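Structure assessment
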Amino acid sequence: MRRLTLALVLMMATVLAGCAGGPPKRVFPPQASVQELQVQADGNWVVKIRIRSFSTVPMRFSRLQGTLSVGGHEAGRFDFDPGLTVGPGSAEIIEHRMAPSPAARDAVAAALAGRQSLRYQLAGRLASSDPGTDDAFDYPSRLDPVPGLEGVLR
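One structure accompanies this document, and this report is about it.

So, how was this worked out
- Residues numbered from 1 in each chain as written.
- Predicted model: local features only at pLDDT ≥ 70, side-chain atom pairs only at ≥ 80, totals over all residues.
- Heavy atoms only, no water.
- Helix = DSSP H or I, 4+ residues; strand = E, 2+ residues; numbered from the N terminus.
- Buried < 20%, exposed > 50% of the residue type's maximum accessible area, 1.4 Å probe, protein only.
- Contact = heavy atoms within 4.5 Å.
- Salt bridge = Lys/Arg side-chain N within 4 Å of Asp/Glu carboxyl O.
- Core = buried A, V, L, I, M, F, W, Y, C linked by side-chain atoms within 4.5 Å.
- Expected span 1.5 Å × (residues − 1).
- Arc of directions from axis to C-beta.
- Phe/Tyr/Trp six-rings, centres within 6.5 Å; stacked < 30°, edge-to-face > 60°.
- Polar contact = N/O pair within 3.5 Å; in protein donor to acceptor, adjacent residues only side chain to side chain.

1. Quick word on the side chain of S33
On the secondary structure map, S33 appears in strand β1 (residues 31–39). Taking relative accessible area as the criterion, S33 reaches 11% and is therefore assigned buried. Excluding anything up to four places from it in sequence, S33 contacts K48, I49, R50, Y120, L122 and Y139.

2. Some points on the pattern of salt bridges
Tallied over the full model, the rule gives 7 salt bridges. Here the residues in one salt-bridge network are E36, K48, E95 and R154, joined through shared partners.

3. Quick look at the nonpolar core
In this structure, W45, I49, I51, L64, L68, V70 and L122 are the most contacted members of the largest nonpolar core, which totals 31 residues. Setting aside chain neighbours within four positions, we find L68 in contact with V34, W45, V47, H73, E74, A75, G76, F78, M98, Y120, Q121 and L122.

4. Brief notes about helix α2 (residues 102–114)
For α2, with 13 residues, the first-to-last C-alpha span of 18 Å sits near the 18 Å given by 1.5 Å per residue. Those residues of α2 not exposed but buried are A104, A107, V108, A111 and L112. Relative to the axis of α2, the buried residues are bounded by an arc of 130° and lie together on one face. Exposed side chains of α2 directed beyond 90 degrees from the buried face belong to P102, D106 and A113. Of the surrounding elements, those touching the buried residues of α2 are β1, β2 (45–52), β3 (59–70), β4 (73–80), β7 (118–130) and β9 (152–153).

5. Digging into the packing of aromatic side chains
One pass over the full model with this rule turns up 2 aromatic pairs. With a centroid separation of 6.0 Å and an interplanar angle of 50°, the aromatic rings of F78 and F80 are classed as tilted.

6. Some points on the side chain of E36
Within the secondary structure layout, E36 lies in strand β1. A polar atom in the side chain of E36 sits 2.5 Å from the side chain of R154. Dropping the residues within four chain positions of it, E36 is found in contact with V46, V47, K48, V152, L153 and R154.

Structure representation (structure tokens):
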């Protein structure tokens, strides 16, 4: 009887130990991409940057450092604190105002005038303060003019 009681206690302790940790916490490198580019009347751009987390825990992003290139021309560099928390497996959008280089401005103007898509590349580093990570990203894609919205590429 004593062995049976001891076996049951050990079995219950093993079952409880397996449940104690909860779901595993996994942190994966995040990704940043351009959601939208709006050309302002003064020639500056408002770039909506989508930050996506593939982790199973919330991530608080404390630094976004990178370079945006459009049509093969460097548009500009940036380095700022987005002050943004992204939930597990989710994405959030932030806006960044920038003054593009003349070559990049011309490439966007030509794409908008011709109603053509435009290749872009967003590359840099994303750092999070919780959990503490600092990951490189590189995202090449295309932006297309939005019908009915003057000066907007998505």
